[in-house]
Amino acid sequence: MIRHDFDEIIDRRGTDSEKWNDYPPDVLPMWVADSDFKCPAPVIDALHERVRHGVFGYCWDDLMKVEKAAAHWMRTRFDWEVSPEWVVFSPGVGSVLSAAVNAFTMPGDYVVIMTPVYPPFSMAPVFNGRIPLNASLRIGGNGYEIDFAGLETLLAKPRTKLLLLCNPHNPTGKLLTREELLRVGELCLKNRVVVLSDEVHCDYVFDGKKHIPFASLSPEIADISLVAINPSKTFNLADMRTAGVISSSKFLREQYRTAVTNVKLGRSSLGLLAFETAYMTCAYYVDQLVPYIKGNLDYAVASVNGNIPGISVRMPEATYLLWLDCRELELSQRQLVNFFLQEAKVALNSGESFGQEGVGFMRLNTACPRATLHDGLSRIEQACRARIR
Ligand SMILES: Cc1ncc(COP(=O)(O)O)c(C=O)c1O
């Protein structure tokens, strides 16, 4: 069995990395949600061989390799029987959100989201002339909770046509339970609202919990839903611009396919190959990666809550993201961002970019070698101690 070295430190500066290229050398980037790990060796080998061929004309996948690989991953990892015909290729889950808005709503319609959430959830409706309605998550005793009464009110509005669901949830690390998912599904069924469930973080789930694909809940719920997946987060392949959108409903699928093919975003042979190789042959990588990330999270949560004054954090149920509660530092959001950048010398995501509920929070990405994480947390600890002295 291949052993992957997640402790290997790889210099990403100068490689057109969004995460690493934006900041001066003395700042440690811990923001954009990609990992700093090498992707699996079989993916690298397959790409090398394809690159050696040297011709990169328009590609076509008439063997449905991607679709079969997506179905294989869903069956083997999540016990969800997916037919390859249910899968529509898309160039990235970011573009899926926009395509879904165009496929299932008209200009002026309402799209429900649950903030704080990955910013394109609100941008996709706004950029396409639709109106996002926020069913804000609430902080309860056990972390973030859905406000079901608020959600129901928004779903019941006649112009609400689509719910963009994020599960596992970025940035809070919440994993919806079967009961919560069923309640969401029932409300959407009752109000005839289509659900696009973004499950790009589905492989990062800890402590024996299980990710449940939304459309696997029941045949009725499957009829109103589409699930978006991508090996990008799990295998660090975001650059490959791939994604699969899965729906057993031919009607929804064809509406979605029209929206995504309309803009001719295309596909690349390298992306298709990476997608197929990762899902078909690299389960071993995830089986090693998830415990490694859990180790990072355990270490980071203990450090933050034990050693860093002014910041607290909850252990996420899923994802490699930490949602740092910095409200005790009593800084404005602008001051907070500057504090991390200029005093701690780490680049994090400002909580406010995920919605108003994120004011006072910052998002830290732990998908890096343990030594890098240690470096980042030490910088934050020193800066906070100097501030709170
Ligand atoms: C919840 C969520 N959806 C979608 C994306 C973007 O996915 P892709 O790279 O497939 O466009 C991200 C990236 O951070 C994300 O966190």
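Our subject is the structure listed above.
How each quantity is defined
- Residues numbered from 1 in each chain as written.
- Predicted model: local features only at pLDDT ≥ 70, side-chain atom pairs only at ≥ 80, totals over all residues.
- Heavy atoms only, no water.
- Salt bridge = Lys/Arg side-chain N within 4 Å of Asp/Glu carboxyl O.
- Helix = DSSP H or I, 4+ residues; strand = E, 2+ residues; numbered from the N terminus.
- Buried < 20%, exposed > 50% of the residue type's maximum accessible area, 1.4 Å probe, protein only.
- 1 Å grid on protein atoms, 1.4 Å probe; cavity = no way out; pocket = protein on both sides within 12 Å on 5 of 7 lines; lining within 4 Å.
- Points joined across faces, edges and corners; volume = space filled by probe spheres on them.
- Nonpolar A, V, L, I, M, F, W, Y, C, P; charged D, E, K, R; others polar.
- Axes fitted to C-alpha atoms, helices over the stretch in contact; angles between N-to-C directions.
- Parallel < 35°, antiparallel > 145°, perpendicular 65-115°, else oblique.
- Left-handed = near helix turned anticlockwise from the far one by under 90°.
- Contact = heavy atoms within 4.5 Å.
- Domains from an automatic or database assignment.

A. Quick look at the pattern of salt bridges. Per the stated rule, a full pass over the model turns up 19 salt bridges. One salt bridge in this structure joins Asp34 and Lys19, with 3.1 Å as the shortest N-O distance. Remark: Lys19 occurs in helix H1 (residues 18-21) and Asp34 occurs in the loop between strand E1 (28-29) and helix H2 (41-53); sequence separation between them is 15 residues. Across the pair, exposure class does not vary: Asp34 and Lys19 are buried alike. The partner of Arg159 in a salt bridge is Asp109, with the nearest N and O atoms 2.9 Å apart. Here the residue Arg159 occupies a position in the loop between helix H6 (148-155) and strand E7 (160-166), and Asp109 occupies one in the loop between helix H4 (93-104) and strand E3 (110-113), the gap between them amounting to 50 residues. What makes Arg159 partly exposed here is its relative accessible area of 38%. Judged by relative accessible area, Asp109 falls into the buried class, the value being 4%. One network of salt bridges, with partners in common, ties together Arg12, Lys19, Asp34 and Asp36.

B. Spotlight on empty space enclosed by the protein. Considering all chains together, one arrives at 1 cavity of 30 Å³ or more under this definition. Each pocket or cavity is described by its volume, and for the largest cavity that value is around 60 Å³. Met114, Val117, Phe121, Leu137, Ile146, Leu164, Leu165, Cys166, His169, Lys174 and Leu176 together form the lining of the largest cavity. At 3 residues, the largest contribution of residues to the lining of the largest cavity is made by E7. Looking at the lining of the largest cavity residue by residue, the classes come out as 9 nonpolar, 1 polar and 1 charged.

C. Layout of the packing of helix H3 (residues 65-78) against helix H11 (residues 269-281). Packing of H3 against H11 leaves a shortest axis separation of 9 Å and a crossing angle of 25°. Between H3 and H11, the angle falls in the class roughly parallel. Crossing hand, H3 versus H11: left-handed. Side by side, H3 and H11 meet where Lys65, Val66, Lys68, Ala69, Ala70, His72 and Trp73 of the first sit next to Leu272, Phe275, Glu276, Ala278, Tyr279 and Met280 of the second. Here the contact of H3 with H11 is composed, by residue class, of 9 nonpolar, 1 polar and 3 charged.

D. The layout of surface pockets, seen in detail. Here the largest pocket defines a volume of roughly 1300 Å³. Looking at the largest pocket, it is lined by 44 residues, and the ones nearest its centre are Arg12, Asp34, Asn236, Ala238 and Asp239. Elements that contribute at least two residues to the lining of the largest pocket include exactly H2, H4 and helix H9 (232-235). When residues in the lining of the largest pocket are grouped by element, the largest group, 4 residues, is from H2. Tallied by class, residues from the lining of the largest pocket come to 19 nonpolar, 13 polar and 12 charged. Mapped onto the domain boundaries, the lining of the largest pocket takes at least three residues apiece from domain 1 (18-41 + 284-388) and domain 2 (56-281). A volume near 570 Å³ is recorded for the second largest pocket. Along the wall of the second largest pocket there are 21 residues; nearest its centre are Trp60, Phe89, Thr261, Gly266 and Arg267. Within the residue set of the lining of the second largest pocket, elements represented by two or more residues are strand E2 (87-89) and helix H10 (250-262).

Honestly, that's just the spatial picture; any functional story needs more than this.
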